[in-house]
Amino acid sequence: METWVTSTSIILVYIVLVGVLSVVAFRKLRVNIEDYFLVSRLAGFFVLYLTIVATYHSSYAILTSCGTFYGTGVFFWDAGTWTFITGLCSYILGYRFWILGKKYGYMTPSDLLSDFYDSRFLGFLVAVIMAVFLIPYIVVQAMGLGYIISVASEGVIPYTYGMIALSLFTAAYCLVGGLRAVYWTDVFQGIWMFVALWMAGLFLAFTVFKGGIAEVFSILAVEKPALLTVNVPYTYWLSMTFVFSFGIVLQPHLWVRYYTARDPKTLKWLGATTPLYLMFIYVPAALVGFTAAAAVVKGLMPEIVKTYGTVDATLPAMLVKFAPPWFTGILLAGASAAAMSTMDSQYHAFSLVLTRDIYQKINPKAPDIALIRVGRVFIAIAFILSAWLALYRPGIIFDIVAFAGAGTLQLLPATIGAIYPTGRFRVTRIAAITGIIIGSIIVIITEFTGRLGLPAWLYRPYGFHGGMIAFLINIVVTLIISLLTKPPSPEKIEKFHKLLEEEIYKK
Amino acid sequence: MQGKTHLLPRTLKGLVMLLWILICFIMVEWPILSWANRIEPFIGGFPFIYFWLTFWYVMIAIGAIVTALFVWRP
């Protein structure tokens, strides 16, 4: 049997297992919008832990991390800073979302923000921004799936077919089983991807070079020392810390998860322990990336970008070259798990935000069954749109995810204003809206200025990422306008901040 | 409601843990990062910067667990 048949068949077996799980979840589904979109707010620690980490870590975590360690070196270990903030957010943001969501029945980020700022326009704006910046993130997962299948099958299954088939399968199980199917499959995928990447990292580090990772580092210290130091501006490093932590946590597919927790203790322990998973999945990624770089230097491996067209192919290329086919299949199924577990949550969140924040606002009396049907239509739209964009491969995965995170990072000042009492200072409605609009426009302008090939100081001044520049301007605008305009009503402050004070400090 | 701010800790334990996490964060950002950004000395086979970053990330992870045990409610 040809080697690609073995590895691709194992990936197929994995996909069948995911399909079976989602069918079981479908049978448990109640015809109830809160169950379809929020699993009736009953997610316990184990399930929520794995669904949060599996959702946060996408094809980006598996493919791009290995590829960036390979291409840019130690810079990617900045991931430690953004993943620990992401983990802590389960408590510092998630607990507050949960308190308010449970008390007032919020299902989306817009529900919370539009209520606090008393503005339907703000709710609409937040929904549109979330949907707009979610699409590029879904595109990334589709691209990842295409790369995995294409490299695993040694080009027999082209990128386009693999990308469309796996994206369609993911959309289908999400469409049928709702968030329950997403959670159940995430548990399975969260375990598989972590184990698979560790196995891949250890296997490659100690198989390709007999001296293991110590030999890899000693080769690179002589032949490619730039990979062993941080070789990007420190301002860019700081930018990524914010973009990939708060920026990603504020995306709807993660925000919604905090609403679904069973109790506050679940969120507290998620805050304390998810950094461990989120952070230490990148240790084996470093083993893969650095081993690949040393293997290329020593002529054991062809240059990856020249051969496969992108650094994102580093992991599959290394496995196909050095691991037995059955092992490659198991490990690349783990990489597929990472992409699919995020993609399903993103399809679901895209559908939830547009159904709840736009369709239901236009048709407030629509029954639950109609909302579920509309939600399924939006999942289909998300699939078509993202698969179409993925055909064009609009850049490397790292840059696309940074763009998506930079967009939603612009919601942070308004969100903090709503959920963090700050003494006498209040973020006002006009300030929140203006800050979000200005921040988002700057993100889009800097992104496209960069793509036009204009000088870097225009879109990356002093080395800062455009999203960070937008965020800093957003903060200043929000603060100044808040001082000049009418604050939220005392009733709203009472409704939000008094409840948070009682729940967090007095119970 | 002119309540207290939620942005600052209200207990000594909370303040200590906030400082712990802030110090760990400072250690992995500029300007300390520019000092630590070097290959040698190798520690345990790892370049110095890789070891430095990993060490502080472990410190942060420990800090998060201690904070959950003694500071965060419920």
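All figures in this text were calculated on a predicted structure; none of them were measured in a lab. (Residues numbered from 1 in each chain as written. Chains lettered and ligands numbered in written order. Predicted model: local features only at pLDDT ≥ 70, side-chain atom pairs only at ≥ 80, totals over all residues. Heavy atoms only, no water.)

Student: Teacher, can you tell me more about the overall build of chain B here?
Tutor: Helix and strand counts for chain B stand at 3 helices and 0 strands. When its helices and strands are written in sequence order, chain B yields α-α-α. Expected size for 74 residues packed as a compact globule is a radius of gyration near 11 Å; at 16 Å, chain B overshoots this value by more than 25%. Per-residue burial over chain B gives 39% buried out of 74 residues. Considering only intrachain contacts with a sequence separation of at least 6, the fraction spanning at least 24 residues in chain B is 50%. Accessible area for chain B stands at about 4100 Å²; split by element, carbon and sulfur atoms hold 78% of it. (Helix = DSSP H or I, 4+ residues; strand = E, 2+ residues; numbered from the N terminus. Rg over C-alpha atoms; globule rule 2.2 N^0.38 Å. Buried < 20%, exposed > 50% of the residue type's maximum accessible area, 1.4 Å probe, protein only. Contact = heavy atoms within 4.5 Å. Areas by Shrake-Rupley, 256 points an atom, 1.4 Å probe, with all protein chains shown as cover.)

Student: In this structure, what is going on with the environment of A:Val208? I would like to understand it.
Tutor: Residue and element names in this part refer to chain A. Here Val-208 lies in the loop between α9 (159–207) and α10 (212–223). Overall, Val-208 belongs to the buried group, its relative accessible area being 12%. Between the C-alpha atoms of Val-208 and Leu-300, which are 92 residues apart in sequence, the distance is 8.6 Å. Apart from residues no more than four positions distant in its own chain, Val-208 is found in contact with Thr-291, Ala-295, Leu-300, Met-318 and Phe-322.

Student: How should the layout of surface pockets be read in this particular structure?
Tutor: The method is simple in principle: a probe with the dimensions of a water molecule rolls over the atoms, and the space it marks as empty is what remains. Taken as a whole, the largest pocket encloses approximately 1600 Å³ of empty space. In this structure, the largest pocket is lined by 43 residues; those nearest its centre are A:Ile92, A:Tyr420, B:His6, B:Leu7 and B:Leu18. At the level of elements, α5 (79–92), α6 (94–104), α21 (412–419), α24 (466–484) and α25 (490–506) of chain A together with α1 (12–27) and α3 (48–70) of chain B are the ones that each hand at least two residues to the lining of the largest pocket. If one sorts the elements of the lining of the largest pocket by residue count, α1(B) sits on top with 7 residues. (1 Å grid on protein atoms, 1.4 Å probe; cavity = no way out; pocket = protein on both sides within 12 Å on 5 of 7 lines; lining within 4 Å. Points joined across faces, edges and corners; volume = space filled by probe spheres on them.)

Student: I would appreciate a short explanation of unusual backbone geometry in the present structure.
Tutor: With the exception of glycine, most residues fall at negative phi, and the peptide bonds are largely trans. A cis amide bond links B:Trp30 with the next residue in sequence, B:Pro31, at an omega value of 10°. Looking at the element boundaries, B:Pro31 is found in the loop between α1 and α2 (32–36). Here the phi dihedral of A:Asp118 falls at roughly 55°; this positive angle occurs in a residue that is not glycine. For A:Asp118, the position within the fold is in the loop between α7 (109–116) and α8 (120–152). Although it is not a glycine, A:Glu154 sits at a positive phi angle of roughly 55°. Summarising the element assignment, A:Glu154 is placed in the loop between α8 and α9.

Student: So what exactly am I meant to see when it comes to the interface of chain A and chain B here?
Tutor: Every contact between the two is made by 50 residues of chain A and, on the other side, 37 residues of chain B. When chain A packs against chain B, the two sides together hide about 4000 Å² of surface, and 71% of this comes from carbon and sulfur. Its largest share of buried area at the contact with chain B, chain A owes to A:Trp77, A:Tyr234 and A:Tyr505, together 17% of the area lost on that side. Here chain A and chain B share 1 salt bridge between them. Between the two partners, chain A and chain B, sit 12 residue pairs in polar contact (both at pLDDT 80 or more). Split by residue class, the side of chain A that touches chain B holds 32 nonpolar, 8 polar and 10 charged. (Buried area = accessible area lost by both parts, 1.4 Å probe. Salt bridge = Lys/Arg side-chain N within 4 Å of Asp/Glu carboxyl O. Polar contact = N/O pair within 3.5 Å; in protein donor to acceptor, adjacent residues only side chain to side chain. Nonpolar A, V, L, I, M, F, W, Y, C, P; charged D, E, K, R; others polar.)

Student: Is there a simple way to explain the packing of helix α17 (residues 314–322) of chain A against helix α18 (residues 325–362) of chain A in this structure?
Tutor: Residue and element names in this part refer to chain A. The geometry of α17 relative to α18 is characterised by a closest axis approach of 9 Å and an angle of 165° between their N-to-C directions. With respect to α18, the element α17 is oriented roughly antiparallel. Crossing hand, α17 versus α18: right-handed. Two secondary-structure elements touch here, α17 through Pro-316, Leu-319 and Val-320 and α18 through Thr-328, Leu-331 and Leu-332. Class assignment of the residues belonging to the contact of α17 with α18 gives a composition of 5 nonpolar, 1 polar and no charged. (Axes fitted to C-alpha atoms, helices over the stretch in contact; angles between N-to-C directions. Parallel < 35°, antiparallel > 145°, perpendicular 65-115°, else oblique. Left-handed = near helix turned anticlockwise from the far one by under 90°.)

Student: For this particular structure, what's the right way to read the packing of aromatic side chains?
Tutor: The way to describe two aromatic rings as a pair is by their centre distance and the angle between their planes. Residues and elements named next belong to chain B. Going through the model one piece at a time under the given rule, you end up with 49 aromatic pairs over all chains. Between Phe-46 and Tyr-50, the ring centres sit 5.5 Å apart and the planes meet at 10°, which makes this aromatic pair stacked. The class of Tyr-50 is buried, set by a relative accessible area of 5%. Considering the side-chain rings of Trp-52 and Trp-56, the 5.8 Å spacing of their centres and the 65° angle between planes classify their relative orientation as edge-to-face. Of this pair, Trp-52 and Trp-56 are both found in helix α3, 4 residues apart, which corresponds to roughly one turn of the helix. Accessibility expressed as a relative area gives 15% for Trp-52, which makes it buried. (Phe/Tyr/Trp six-rings, centres within 6.5 Å; stacked < 30°, edge-to-face > 60°.)

Student: Would you mind showing me how to read the confidence of the model for chain B here?
Tutor: Detailed conclusions should not be drawn from predicted coordinates in areas where pLDDT is low. Of the residues in chain B, 96% have a pLDDT of 70 or more, and the chain-wide mean is 91. Both scores are available for the predicted complex, with the pTM at 0.90 and the ipTM at 0.92. (pLDDT = per-residue confidence, 0-100.)

Student: What exactly am I supposed to notice about a nonpolar patch on the surface here?
Tutor: A grouping of B:Leu12, B:Leu15, B:Val16, B:Leu18, B:Leu19, B:Leu22, B:Ile23 and B:Ile26 is seen on the molecular surface, where their side chains present a nonpolar patch of about 710 Å² in accessible area. Here B:Leu19 is to be found in helix α1. (Patch = residues over 30% accessible without salt bridge, like charges linked within 9 Å, V, L, I, M, F, W, Y side chains within 5 Å.)

Student: Looking at this model, I keep getting lost on the pattern of salt bridges. Mind explaining?
Tutor: Pairing of side chains with opposite charge becomes possible as their charged atoms draw close. All names here are of chain A. Per the stated rule, a full pass over the model turns up 7 salt bridges over all chains. With its nearest N and O atoms 3.8 Å apart, the salt bridge here joins Asp-111 to Lys-361. Residue Asp-111 is found in helix α7, and its partner Lys-361 is found in helix α18; the two are separated by 250 residues along the sequence. Relative accessible area serves as the criterion here: at 7%, Asp-111 is assigned to the buried category.

Student: How should the nonpolar core be read in this particular structure?
Tutor: With 208 residues, the main nonpolar core has A:Trp82, A:Leu112, A:Phe244, A:Tyr282, A:Phe290 and B:Leu53 as its most contacted residues. Examining the composition of this core, we find that 20 residues originate from one element, α8(A), more than from any other. Discounting chain neighbours no more than four positions away, the residues touching A:Leu112 are A:Phe97, A:Leu100, A:Tyr106, A:Trp255, A:Tyr259, A:Ala418, A:Ile419 and A:Phe496. (Core = buried A, V, L, I, M, F, W, Y, C linked by side-chain atoms within 4.5 Å.)

Student: Just to check I follow, could you spell out the side chain of B:Thr67 for this structure?
Tutor: Mapped onto the fold, B:Thr67 is located in helix α3. Apart from the residues within four sequence positions on either side, B:Thr67 is in contact with B:Met17, B:Ile21 and B:Trp72.

Student: What am I meant to see in helix α22 (residues 429–451) of chain A here?
Tutor: Turn by turn, an α-helix covers 3.6 residues, leaving residues three or four places apart pointing in a common direction. Residue and element names in this part refer to chain A. Between its first and last C-alpha, α22 extends 34 Å over 23 residues, near the 33 Å set by a 1.5 Å rise per residue. Listed as buried for α22 are Ala-431, Ala-432, Ile-433, Gly-435, Ile-436, Gly-439, Ser-440, Ile-442, Val-443, Thr-446, Glu-447 and Thr-449. Where the residues of α22 are buried, they touch α8, α20 (397–409), α21, α23 (456–459) and α24. One or two residues past the end of α22 sits Gly-453, with phi positive at roughly 80°. (Expected span 1.5 Å × (residues − 1).)

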